[in-house]
Each structure stands twice: as C-alpha cells, then as structure tokens.
Amino acid sequence: MKDCPCGSNFPFTDCCAPLIQGTGFPDTAEDLMRSRYTAFTQKNWEYLVITSHPEEKKEMAKLGPNLIEDDVVWKGLEIMNTRAGGHNDFEGQVDFVAHYTKKNAEQTLRESSRFYKINGRWVYSRKDSTLPPVPTSPQTKPKTVVRSEAKIGRNDPCPCGSGKKYKKCCG
C-alpha cells in the first residue's frame, strides 16, 4: 500500500483517504491539517473549501482553483508543534513546514494554522492563521509527531475490549 502524503507513515487508505472522501471526519486539528496537506498534493480544492471555517467558505470558493498551482509539487509535511486541538478541545493550533518545488526550485511554506471545532467538526481558519517566525537555530526545531499505533476513530470499537464504540467508552 502507498504511504499517505501527510507523512504519518500509514497507508493513504487508512489515513487521509476516508477524510477526503467524506466517509470519516478528523478527530483532531492535526488530523485536519494533515488531510488538508494531502488535498493540496492531490489538487483537491473542493476538500479545502469544505474544511474551511463557515465564515470563510465563500472567499475560499472564489479562490478555488487559484489555491492549487499546477507547477507546484508537494514533497513533505513536518508538524512542528500542536497546541490544543484534541478530541475534547474546541480550538487548536498546528505549526507546520511544508516542502515543495515550484519551477524546479526547492521551497518551504511555514504556517501556524488555526482550527476550530464547529458543530462537532474541525475546520480551518485562513484569516486566523499566521506565518510564524523562522527558528533561529536548528536545535529549537521539534520533531515531527508520528503515531506509533493506528488512529482510532470515534465509531471504531474501543481498544479496551468492552465491545462499545470508542466515543461511548474510553474516548
């Protein structure tokens, strides 16, 4: 199986595919960040619009395909830091670096992305996201977060063995 472009080291079919296809929803702000990055790699602007903050969807829809540049090839995503954005939070922030090439030149995009949970679903806020300062030394760069086990969805069986859904048991 092909690894997911988001860098999670999980197969695409088990990671971002269900989110992008609408058969699952991100559990955390980081999950949404990773799936949006994957949507950029696939040039899937519909998903980028759908996962935008409701107040920004019209603007995002107008930008539409302009968000996707044909000459950009996405090379990798590094999650630098996350603040809040967990299962029980209503807002979160994810700092990331995305590597890409444009016209054969290696480039990076750094952003501190803001996410909000509205009606139980995580959305991205473009207007509240910023470009963070570049770290002054390589020693300050945190490692990318990589899950050691498969992600457990809210509707998956609870890993404790109770037979209940994760959201009704340990989630």
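None of the values given here were measured: they were computed from a predicted structure. (Residues numbered from 1 in each chain as written. Predicted model: local features only at pLDDT ≥ 70, side-chain atom pairs only at ≥ 80, totals over all residues. Heavy atoms only, no water.)

Visitor: What exactly am I supposed to notice about the confidence of the model for the protein here?
Guide: Where the model shows low pLDDT, its predicted coordinates should not be examined in detail. For the protein, per-residue confidence averages 85 on the pLDDT scale, and 84% of positions sit at 70 or higher. Confidence drops under pLDDT 50 across residues 134–141; counting only partners more than four residues distant or on other chains, this segment forms five contacts. (pLDDT = per-residue confidence, 0-100. Contact = heavy atoms within 4.5 Å.)

Visitor: Help me understand the pattern of salt bridges, please; the structure alone is not making it clear to me.
Guide: A side chain of one charge can pair with a side chain of the opposite charge if their charged atoms are brought near each other. Counting across every chain of the model gives four salt bridges. Two residues, Arg 126 and Glu 59, come together in a salt bridge whose shortest N-O distance is 3.3 Å. In this pair, Arg 126 is assigned in strand S4 (residues 121–130) and Glu 59 in helix H4 (residues 57–63), connecting sequence segments 67 residues apart. Residue Glu 59 is classed as partly exposed on the basis of its relative accessible area, which comes to 46%. Arg 114 is paired through a salt bridge with Glu 91; the nearest N and O atoms lie 2.6 Å apart. Taken as a pair, Arg 114 in strand S3 (residues 105–118) and Glu 91 in strand S2 (residues 91–102) lie far apart in primary sequence, 23 residues in all. Classification of Arg 114 as buried rests on a relative accessible area of 18%. (Salt bridge = Lys/Arg side-chain N within 4 Å of Asp/Glu carboxyl O. Helix = DSSP H or I, 4+ residues; strand = E, 2+ residues; numbered from the N terminus. Buried < 20%, exposed > 50% of the residue type's maximum accessible area, 1.4 Å probe, protein only.)

Visitor: What exactly am I supposed to notice about the sheet that holds S2 here?
Guide: Two strands in a sheet stick together by hydrogen bonds in their backbones, pointing the same way (parallel) or opposite ways (antiparallel). The strand order S1-S2-S3-S4 describes an open sheet built from four strands, whose pairing is antiparallel. The open sheet has two edge strands with one neighbour each: strand S1 (72–84) and S4. Direction aside, neighbouring strands of the sheet carry axes that sit 35 degrees apart on average. In the sheet, S1 pairs with S2 via eleven bridges, with the strands oriented antiparallel. Across the sheet, residue Leu 77 finds its bridge partner in S2, namely Ala 98. (Pairing = 2+ DSSP bridges. Axes fitted to C-alpha atoms, helices over the stretch in contact; angles between N-to-C directions.)

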